[in-house]
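Overview (structure and organization)
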Amino acid sequence: MNQAANNQKRIFLKFPNRDEASKFAAEIFYIAYTKFENLLFGTATGQTPVKIYEYFIEMMETVAGSENDLIFRQLDNYISPGASEGNLPPYSYQTELQKSIWKVPHREAHIPFEWAEPKDEVERYIGVIKYTNEWATYRAQLLGIGDRDAHVAFNMPGAPFDSTVHVEDLNDETKEANGKKFFGGDSTKVPKQAITTGIGDILEMDTIVMAGFGKAKAEIMHRSFFGEITTDFPATALQTYNGVLFVILDEESASTIVEKEGESVFANPEDIDIWEIL
């Protein structure tokens, strides 16, 4: 069996479809919430988290008191010139989160402000990370991955693995991909810069749930976890991670790993006791 499957801190899971994979991912965060006193839920945005958040919202409907012991902390946000606190762009991470995961009663929800002066906002968010890390009993982070360059959050290729909150210039691949997905196909509408949590901050979390679905993720998932560790592919930093890492895939996104590394890489979801692993 592949060594990765034997390492309980690095758990690869393959599901028949995105729906089943998303439900399991949501259950990780739900169990973390029920097991630990104060949960810091590190959120991501984009297409991958949508069903995960839907399931988490549904699971949390049975729970009382989360307004006291649950904090959401968003990974990143665009820098949107011309935006203001009361005038957000048509596509806004803050608005998307308010319509989804932030519906769950919570103590606080944090996001880098896209309308603030970037240098000041970087310093403010470094403080947010320090404060929320100290408050939390347990810290769990959801991650997606860039289809082409393996970026995590808005850490572009070349970002140091020990980085903290900073401003990133978005590369053309990211602007093109996000333009197609979220800006009506017009990459010129995608902001040129973003404020992002650094890779070093991400690697401090107690648990990371990396999720990716669809054929477009297959090659990059394999490259990230079985290729050379390099800042040219930011997600390879997860190979150095010392916490509990779940890699949650569907049949399509897992296909290259299956082809090149074999089915034995993947654990059986029915054998995974999330409570005991966390």
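Summarised in this report is the structure supplied together with it. (Residues numbered from 1 in each chain as written. Predicted model: local features only at pLDDT ≥ 70, side-chain atom pairs only at ≥ 80, totals over all residues. Heavy atoms only, no water.)

**Let's talk about the pairing of strand 7 (residues 166–169)**
By the alternation rule, side chains of strand 7 split into H166 and E168, which are all buried, and V167 and D169, of which none is buried. Examined bridge by bridge, strand 7 and strand 8 (residues 193–196) share four bridges and lie antiparallel to one another. Note that in strand 8 the partner of D169 across the bridge is Q193. (Buried < 20%, exposed > 50% of the residue type's maximum accessible area, 1.4 Å probe, protein only. Helix = DSSP H or I, 4+ residues; strand = E, 2+ residues; numbered from the N terminus. Pairing = 2+ DSSP bridges.)

**Concerning empty space enclosed by the protein**
For the structure on display, the rule yields one cavity of 30 Å³ or more. For the largest cavity, the calculated volume is near 40 Å³. Lining of the largest cavity is provided by L143, V152, I199, I202, L203, P234, A237 and L238. In the lining of the largest cavity, the residues fall into eight nonpolar, no polar and no charged. (1 Å grid on protein atoms, 1.4 Å probe; cavity = no way out; pocket = protein on both sides within 12 Å on 5 of 7 lines; lining within 4 Å. Points joined across faces, edges and corners; volume = space filled by probe spheres on them. Nonpolar A, V, L, I, M, F, W, Y, C, P; charged D, E, K, R; others polar.)

**As for the packing of helix 2 (residues 18–35) against helix 3 (residues 49–60)**
Where helix 2 meets helix 3, the axes come as close as 8 Å, and the angle between the chain directions of the two elements is 45 degrees. For the element pair helix 2 / helix 3, the angle class is oblique. As helix 2 runs across helix 3, the sense of the crossing is right-handed. Packed against helix 2, whose contacting residues are R18, D19, S22, K23, A25, A26, E27, F29, Y30 and Y33, the element helix 3 presents K51, I52, Y55, F56, M59 and M60 at the interface. (Axes fitted to C-alpha atoms, helices over the stretch in contact; angles between N-to-C directions. Parallel < 35°, antiparallel > 145°, perpendicular 65-115°, else oblique. Left-handed = near helix turned anticlockwise from the far one by under 90°. Contact = heavy atoms within 4.5 Å.)

**Comments concerning the nonpolar core**
In terms of nonpolar packing, the biggest core is built from 51 residues, with F41, F56, F246, I248 and L278 touching the most fellow members. A total of nine residues in this core trace back to one element, the largest contributor, which is helix 2. Those residues in contact with F41, other than ones at most four positions away along the chain, are F29, Y53, F56, L70, I71, F72, R73, I101, A140 and L142. Within the second largest apolar cluster, 32 residues are counted, among which are I145, V152, I199 and A237. (Core = buried A, V, L, I, M, F, W, Y, C linked by side-chain atoms within 4.5 Å.)

**What to know about the sheet that holds strand 9 (residues 207–212)**
Pairing in this open sheet of eight strands is parallel, and the strands run 5-3-2-6-9-10-1-11 from one edge to the other. With one partner strand each, in any of the chains shown, strand 5 (108–110) and strand 11 (266–267) form the two edges of the open sheet. Of the pairings in the sheet, the one linking strand 2 (residues 39–43) to strand 6 (residues 138–143) comprises four bridges and is parallel in character. From the neighbouring strand, L39 faces strand 6, where its bridge partner is Y138. Against the sheet, helix 2 makes contact with strand 1 (10–15), strand 2, strand 3 (70–74), strand 6, strand 9 and strand 10 (244–250), and its axis sits at roughly 160 degrees relative to strand 10, the strand it touches most. Most of the contacts of helix 6 (residues 118–135) go to strand 3, to which it runs at about 150 degrees, and overall it touches strand 2, strand 3, strand 5 and strand 6.

**Side note on the packing of aromatic side chains**
Overall, the coordinates contain 14 aromatic pairs when judged by the stated rule. Here the aromatic rings of F12 and F266 are separated by 6.3 Å at their centres, their planes lie at 90 degrees, and the arrangement is edge-to-face. Taken together, the positions of F12 in strand 1 and F266 in strand 11 put the pair 254 residues apart, joining distant regions of the chain. Per residue, the accessibility class of F12 equals that of F266, and both read buried. Geometrically, the ring pair formed by Y78 and Y93 is tilted, given 5.0 Å between the ring centres and 40 degrees between the ring planes. Highlighted residues: Y78 in strand 4 (residues 76–78) and Y93 in helix 5 (residues 93–98), separated in sequence by 15 residues. Both residues of the pair, Y78 and Y93, belong to the buried class. Ring pairing ties together the aromatic residues F29, F41, Y53, F56 and F72, which thus form one cluster. (Phe/Tyr/Trp six-rings, centres within 6.5 Å; stacked < 30°, edge-to-face > 60°.)

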